[in-house]
Structures are given as structure tokens and as C-alpha cells.
Amino acid sequence: MNEFPRAIRPGDGEATTRIICPECGGSITVRGIGDDVADLHRLVFQCRVGHRYAFEELLIGKERHIDRMIWGVVYAYEELAGMLRTATARDGRDSDTSPDDQYRRRAERAEEIAAALRALIHRDESIKLKAHIDGE
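Before going into details, it helps to say that this report is about the structure given with it. (Residues numbered from 1 in each chain as written. Predicted model: local features only at pLDDT ≥ 70, side-chain atom pairs only at ≥ 80, totals over all residues. Heavy atoms only, no water.)

Applying the stated rule across the entire model yields 2 aromatic pairs. Where Phe45 meets Phe55, the ring centres are 6.2 Å apart and the plane angle is 45 degrees; that geometry is what we call tilted. With Phe45 in strand β3 (residues 43–47) and Phe55 in helix α1 (residues 55–94), the pair connects residues that are 10 residues apart, well separated along the chain. With respect to class, Phe45 is no different from Phe55; both count as buried. (Phe/Tyr/Trp six-rings, centres within 6.5 Å; stacked < 30°, edge-to-face > 60°. Helix = DSSP H or I, 4+ residues; strand = E, 2+ residues; numbered from the N terminus. Buried < 20%, exposed > 50% of the residue type's maximum accessible area, 1.4 Å probe, protein only.)

As C-alpha cells, then:
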């Protein structure tokens, strides 16, 4: 799967990619700025809003974007589980009906998914790029 053209030269102009901008989600184009088509440092990626990236900056941006997204999903599942548990406890306390088993089962499943995602996050290891390490 090629996310961007492999052999793009400066005279080729901008080429479309299958990459979205990690900042705004817009489509990204790529253009070459040097004759060595194998040198990834000779590529400039830019979205239609104007966010620009060198190849390594784009990698770092993608990893940060993934990190934000997956943590958002973890928090959403934990919040869902909490809401369902609260509704089940409230229902049991404040009414004559028994707690809703569907809420309880859904809360358990949401907690399992959140825990599994947390385990995946802790297993993952971001790329350690020299430029990124030196820049911090």
C-alpha cells in the first residue's frame, strides 16, 4: 500500500497522498524539493489548510494524533461504563425495579474494552527519531 508516490521529483509538482493531516484532518499533498527521490528528507507534505511537514515531522504528528485518538476512546468507554453503573445503582436504589442487567452487562463490556485499549497503549512504542529527541 503506497500512501504517497515513491519517486516524486521537484518538477512533478504536488502529488496527492492517502494521508490526512494530524492537526486538522485535511488531505495532504507531497512535493519533492530535491533530485534524490530516495531521500525522504527531500519531501514536503502539506495539507490544504497549510500545515507543512518534513517526513519525520509527519511521522511524529501521526503518532501524536493516534495517541490522542486512542486515549479519547479509552476515556469515552470509561465514562460510558461509569454512566451505566450509576444508572444501574440509581435504578436499584430509587425504584422498586431491579437493576437493569443490560446496563450492567454493557458497563462490564465497556470496562473490558477500556482495559484492553490501555494494555495496547502500554505495549505500543513510538518511533524514536533523532530530530524529535534533540528538539525536546
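Glancing now at the environment of Ala107. As for its placement among the helices and strands, Ala107 is situated in helix α2 (residues 101–123). A residue is classified by how much of its surface remains accessible, and Ala107, at 0% relative accessible area, is buried. Other than its neighbours up to four places away in sequence, Ala107 contacts Ala81, Leu84 and Arg85. (Contact = heavy atoms within 4.5 Å.)

Here the focus is α2. Taking 1.5 Å per residue, 23 residues should reach 33 Å; α2 reaches 33 Å between its end C-alpha atoms and fits that length. Looking at α2, one finds that the buried residues are Ala107, Ala110, Ile113, Ala114, Leu117 and Ile121. (Expected span 1.5 Å × (residues − 1).)

To continue, consider the layout of surface pockets. By volume, the largest pocket amounts to about 350 Å³. Lining the largest pocket are 14 residues, and of these Glu63, Arg64, Asp67, Asp124 and Ser126 lie nearest its centre. At the level of secondary structure, the elements contributing two or more residues to the lining of the largest pocket comprise α1 and α2. The dominant element in the lining of the largest pocket, judged by the number of residues it contributes, is α1, at 6 residues. Of the residues in the lining of the largest pocket, the class split is 6 nonpolar, 2 polar and 6 charged. (1 Å grid on protein atoms, 1.4 Å probe; cavity = no way out; pocket = protein on both sides within 12 Å on 5 of 7 lines; lining within 4 Å. Points joined across faces, edges and corners; volume = space filled by probe spheres on them. Nonpolar A, V, L, I, M, F, W, Y, C, P; charged D, E, K, R; others polar.)

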